[in-house]
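# Observations on chain architecture
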Amino acid sequence: MNSNNRNRQNFKKRKPPKNFTRPNDVYITNKTDFGAQINKCIKILNSEVGEVFIHSIGNAINRAINLALKLEEDHSFKYEVNTSTINLVDDYFPEDDDDDFSIQKRLNSCIHIRIFRPYLLASEDDNNKDSKEPEKLIKI
């Protein structure tokens, strides 16, 4: 298909797939209020789950990074970052009945940030060093 036909078609991006559907998965977009996104993450982090996974693609990656940094700065949470690439599909709808429907496949960057509370290993009685009791995880 040549570029002249593309100019005579309506362009529509398909929604990206949401591969993660756990209750502690949060998808970040540029449309949602930043304060609401922070509050949602804090609510999950303060629950018994204790960790949140932030997912974002394309232009919203900066917002996801800012969210993780804000949570670390204000609430002493820690984070781990992974990146990936996602396949996206765009649809081209013809304006004329003579033209054909077409799709365009493209790649886009993704970021996945795990935010969690840090833990320390400590024995139940730090004063009794001869104790044979197992160590426990405690929140700091």
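Everything here concerns the structure above.
Attention here is on the structure that accompanies the text. (Residues numbered from 1 in each chain as written. Predicted model: local features only at pLDDT ≥ 70, side-chain atom pairs only at ≥ 80, totals over all residues. Heavy atoms only, no water.)

### Side note on the nonpolar core
Counting residues in each nonpolar core, the largest one holds 18 residues, and the members touching the most others are Cys41, Val52, Ile54, Leu67, Leu71, Ile113 and Ile115. Counting only elements with at least two residues in this core, the list comes to helix 2 (34-45), strand 3 (51-57), helix 3 (61-75) and strand 5 (102-116). (Core = buried A, V, L, I, M, F, W, Y, C linked by side-chain atoms within 4.5 Å. Buried < 20%, exposed > 50% of the residue type's maximum accessible area, 1.4 Å probe, protein only. Helix = DSSP H or I, 4+ residues; strand = E, 2+ residues; numbered from the N terminus.)

### A look at the environment of glutamate 80
For glutamate 80, the location among the structural elements is in strand 4 (residues 78-94). Overall, the relative accessible area of 40% leaves glutamate 80 in the partly exposed class. Residues glutamate 80 and arginine 114 lie 34 residues apart in sequence; the distance between their C-alpha atoms is 5.1 Å.

### A short note on the pattern of salt bridges
Summed over all chains, the structure comprises six salt bridges. In this structure, the salt-bridge partner of lysine 70 is aspartate 74, at a minimum N-O distance of 3.1 Å. A residue pair is termed a helical-turn pair when its members lie 3 or 4 positions apart in one helix, as lysine 70 and aspartate 74 do in helix 3 at four residues. Linking arginine 114 and glutamate 80 is a salt bridge whose minimum nitrogen-to-oxygen distance equals 3.2 Å. (Salt bridge = Lys/Arg side-chain N within 4 Å of Asp/Glu carboxyl O.)

### What about the layout of surface pockets?
The volume enclosed by the largest pocket comes to roughly 820 Å³. Along the walls of the largest pocket sit 27 residues, with Pro16, Ile28, Thr29, Ile57 and Ala60 positioned nearest its centre. Where the lining of the largest pocket is concerned, the elements lending two or more residues are strand 3, strand 4 and strand 5. The residue inventory of the lining of the largest pocket, partitioned by class, reads 10 nonpolar, 11 polar and six charged. (1 Å grid on protein atoms, 1.4 Å probe; cavity = no way out; pocket = protein on both sides within 12 Å on 5 of 7 lines; lining within 4 Å. Points joined across faces, edges and corners; volume = space filled by probe spheres on them. Nonpolar A, V, L, I, M, F, W, Y, C, P; charged D, E, K, R; others polar.)

### Notes on the pairing of strand 3
Of all seven residues that make up strand 3, five are buried, and the element is covered over most of its length. One ladder, built from three bridges, connects strand 2 (residues 25-27) with strand 3; its direction is parallel. Bridging from a neighbouring strand, aspartate 25 pairs with phenylalanine 53 of strand 3. Regarding the hand of the β-α-β motif, the stretch spanning strand 2, helix 2 and strand 3 is right-handed. (Pairing = 2+ DSSP bridges. Right-handed = clockwise from strand over helix to strand, strands pointing away.)

### Some remarks on helix 3
For helix 3, which comprises 15 residues, the first-to-last C-alpha distance of 21 Å matches the rise-based estimate of 21 Å (1.5 Å per residue) to within 8%. Along helix 3, the positions that sit buried rather than exposed are Ile61, Arg63, Ala64, Leu67, Ala68 and Leu71. Residues of helix 3 that are buried make contact with helix 2, strand 3, strand 4 and strand 5. Directly after helix 3, the chain includes serine 76, whose backbone phi takes a positive value near 60°. (Expected span 1.5 Å × (residues − 1). Contact = heavy atoms within 4.5 Å.)

### Points about a positive patch on the surface
Judged by side-chain charge, Lys12, Lys15, Lys18, Lys31 and Lys40 come together as a positively charged surface patch. Within the secondary structure, lysine 40 sits in helix 2. (Patch = residues over 30% accessible without salt bridge, like charges linked within 9 Å, V, L, I, M, F, W, Y side chains within 5 Å. Areas by Shrake-Rupley, 256 points an atom, 1.4 Å probe, with all protein chains shown as cover. Lys, Arg positive; Asp, Glu negative; His and termini not counted. Charge placed at Lys NZ, Arg CZ, Asp CG, Glu CD.)

### Examining the packing of aromatic side chains
Enumeration over the complete set of coordinates arrives at zero aromatic pairs. Lying across the ring of phenylalanine 53, arginine 22 places its NZ or CZ 4.3 Å from the centre. The ring of phenylalanine 116 has arginine 114 lying over it, and the distance from NZ or CZ to the ring centre is 4.1 Å. (Phe/Tyr/Trp six-rings, centres within 6.5 Å; stacked < 30°, edge-to-face > 60°. Lys NZ or Arg CZ within 6 Å of the ring centre and 35° of its normal.)

By themselves these figures say nothing about function.
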